[in-house]
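Listed below, chain by chain, are the residues.
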Amino acid sequence: MEMAECINFLLTQAQQKVFKCLKSELEPFNVTPVQYGVLQCLWDEGGQTPKQIGNVLGLDSSTITGILDRLENKALIIRNSCIGDRRAIKVELTEKGSELREPIGKIVEDVNIEVLKQFSSEEIAELKKILKRI
């Protein structure tokens, strides 16, 4: 099979283009696209365990730990012991992390608009439907 026909190659190329665009736009906030994913989980659902966040983002525990370390070093999140089970950790946003929701949300929305502007609304709906099936 030619590489240009391989679904893995095509998806990877598309993902890299979107990632590069989003990374560039998030740079002023010192947040990476993956870190944005963690923040979005917390903005949407409030405090969660690292495992819950990892499950939503499809990341293993060692990867999520490193991301949480970096977000904590930036004072965007804090890890607290869960009430009733001090061994369990709950990740929560700091005030600084909460304040990023609106400006970063606008960036993500703008990047989505830019990336998808070449498609009709029907094509966008179909693309999302197909990607969710994969």
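Everything numeric in this text was worked out from a predicted model, so none of it was measured.

J.: Could you clarify how one ought to interpret the nonpolar core in this entry?
T.: Among soluble globular proteins, nonpolar side chains are generally buried collectively. One finds Val38 and Ile104 to be the most contacted residues of the largest nonpolar core, which totals 22 residues. Contributing elements (two or more residues each) for this core: helix 1 (7–26), helix 2 (33–45), helix 4 (61–73) and helix 6 (101–116). A per-element tally of this core places helix 2 first, with six residues. The residues contacting Val38, other than those within four sequence positions of it, are Ile53, Leu57, Ile64, Ile67, Leu68 and Leu71.

J.: Is there a simple way to think about the environment of Val115 in this case?
T.: Its place among the elements puts Val115 in helix 6. Once the C-alpha coordinates of Val115 and Cys21 are considered, the two residues, 94 residues apart in sequence, prove to be 8.7 Å apart.

J.: Just to check I follow, could you spell out the side chain of Lys74 for this structure?
T.: Inspection of the secondary structure puts Lys74 in the loop between helix 4 and strand 1 (77–82). Buried and unpaired, Lys74 has Glu27 as its nearest opposite-charge partner, separated by 11 Å. Within the local environment of Lys74, its side chain forms a polar contact with the backbone oxygen of Asn30, the two atoms lying 2.5 Å apart. Not counting residues within four places of it along the chain, the set of residues in contact with Lys74 comprises Asn30, Val31, Gln35 and Lys96.

J.: Whenever I open this one, the pattern of salt bridges confuses me. Can you help?
T.: Opposite charge on two side chains lets them pair, provided their charged atoms get close. The final tally for this structure, using the stated rule, is five salt bridges. Where Asp69 meets Arg79, a salt bridge forms, and the shortest distance between an N and an O atom there is 2.4 Å. A residue pair is termed long-range when its members are at least 10 positions apart, and Asp69 in helix 4 and Arg79 in strand 1 qualify at ten residues. On the basis of relative accessibility, which here comes to 33%, the residue Asp69 falls in the partly exposed class. By relative accessible area, which is 24% here, Arg79 ends up partly exposed. A salt bridge links Lys117 to Glu114; the nearest nitrogen and oxygen atoms lie 2.9 Å apart. Note on Glu114: relative accessible area 43%, which makes it partly exposed. Via salt bridges that share partners, Asp69, Glu72 and Arg79 belong to a single interconnected network.

Cut-offs used in this document
- Residues numbered from 1 in each chain as written.
- Predicted model: local features only at pLDDT ≥ 70, side-chain atom pairs only at ≥ 80, totals over all residues.
- Heavy atoms only, no water.
- Core = buried A, V, L, I, M, F, W, Y, C linked by side-chain atoms within 4.5 Å.
- Buried < 20%, exposed > 50% of the residue type's maximum accessible area, 1.4 Å probe, protein only.
- Helix = DSSP H or I, 4+ residues; strand = E, 2+ residues; numbered from the N terminus.
- Contact = heavy atoms within 4.5 Å.
- Lys, Arg positive; Asp, Glu negative; His and termini not counted.
- Salt bridge = Lys/Arg side-chain N within 4 Å of Asp/Glu carboxyl O.
- Polar contact = N/O pair within 3.5 Å; in protein donor to acceptor, adjacent residues only side chain to side chain.

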